[in-house]
Amino acid sequence: MGLLDSILGRSKPVRPDLDQLFALPSAALTLQAGAGFVPTGLGSVCFAGVEGGGFARIREDVRELLDADAGRAGSPVEFSQDAYGYTWLLARRPADDTAALVNDLHAVNTLLQDGGFGPQLLCSLLGFRDAEQRPLGLVYLYKRGTFYPFAPLPGAAEKRDNQRELQVRAVLGDDLRVESDLARWFPVWGAPGL
């Protein structure tokens, strides 16, 4: 970054640090103790749609990698596309095995990144619910290297509980690198895993 960039207010982009995902199991315990949210065993990775043989090969590698776990019941991964054209990969684990789910999400992100699809990675999400079954997602922004909470209101058409999101931020401030710019707390309506 040069002097001109400093004068014009440009900042050097943050390099993605996928190892930040490994802070999620500890953060899940803090979230359960501090706010009553428990993991659902669902996690997802979102990326811009890509096509071609290279991506098809990565997709099969992801499926084979996650299917290699003989202890997993059911389909290891599901691919879907949202209304905005983004591709979502949903991984499932038992609700009490957040560490294994985080390992799956990290492996998927790493395979995509190492396969040359890093620029298409957008976010990863880990799902939670409270005693009243209200959903919460902890979202990792790939290009920022930060997390933020996303709390959609149940039954409401694309409305979120901003107060709950701010409460979760306060609870997790010491566990995760929380995104400080609230304008970057993008809604992920209909995200698999919520």
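Residues numbered from 1 in each chain as written. Predicted model: local features only at pLDDT ≥ 70, side-chain atom pairs only at ≥ 80, totals over all residues. Heavy atoms only, no water.

**Digging into the confidence of the model for the protein chain**
For the record, the criterion: Per-residue confidence from the predictor is given as pLDDT, running between 0 and 100. Under the DSSP-based scheme used, a helix requires at least four consecutive residues in state H or I and a strand at least two consecutive residues in state E, with every element numbered from the N terminus.
Scored by pLDDT, the protein chain comes out at a mean of 86, with 85% of its residues at no less than 70. Per-element mean pLDDT across the protein chain ranges from 54 in helix α1 (residues 3-7) up to 97 in strand β6 (residues 146-150).

**What to know about unusual backbone geometry**
For clarity, the cut-off: Remark: exposure states derive from per-residue accessible area (1.4 Å probe, protein chains only) relative to the maximum for the residue type, with buried under 20%, exposed over 50%, and partly exposed in between.
At Q133, a residue that is not glycine, the phi angle is positive and equals roughly 65°. Mapping Q133 onto the fold places it in the loop between β4 (121-129) and β5 (135-141). Overall, the relative accessible area of 51% leaves Q133 in the exposed class.

**Observations regarding the environment of L101**
Our working definition: Pairs of residues are marked as contacts when any of their non-hydrogen atoms sit within 4.5 Å.
Of note, L101 is situated in helix α4 (residues 98-117). According to the relative accessible area criterion, L101 is buried, its value standing at 2%. Spatially, the C-alpha atom of L101 lies 7.5 Å from that of L42, the residues being 59 residues apart in sequence. Leave out the neighbours within four places in its chain, and L101 touches G41, L42, G43, A91, R92, R93 and L126.

**Thoughts on the pairing of strand β3 (residues 86-92)**
Put simply, the rule reads: Only when DSSP finds a minimum of two bridges between them are two strands counted as paired.
Counting buried positions along β3 gives five out of seven residues, so the element sits mostly inside the fold. In this structure, strand β2 (residues 77-81) lies alongside β3, joined through five bridges in antiparallel fashion. The residue of β3 that forms the bridge with Q81 is T87. Once β2 ends, the chain turns through four residues before running back antiparallel as β3, passing G85 with a positive phi of about 90°.

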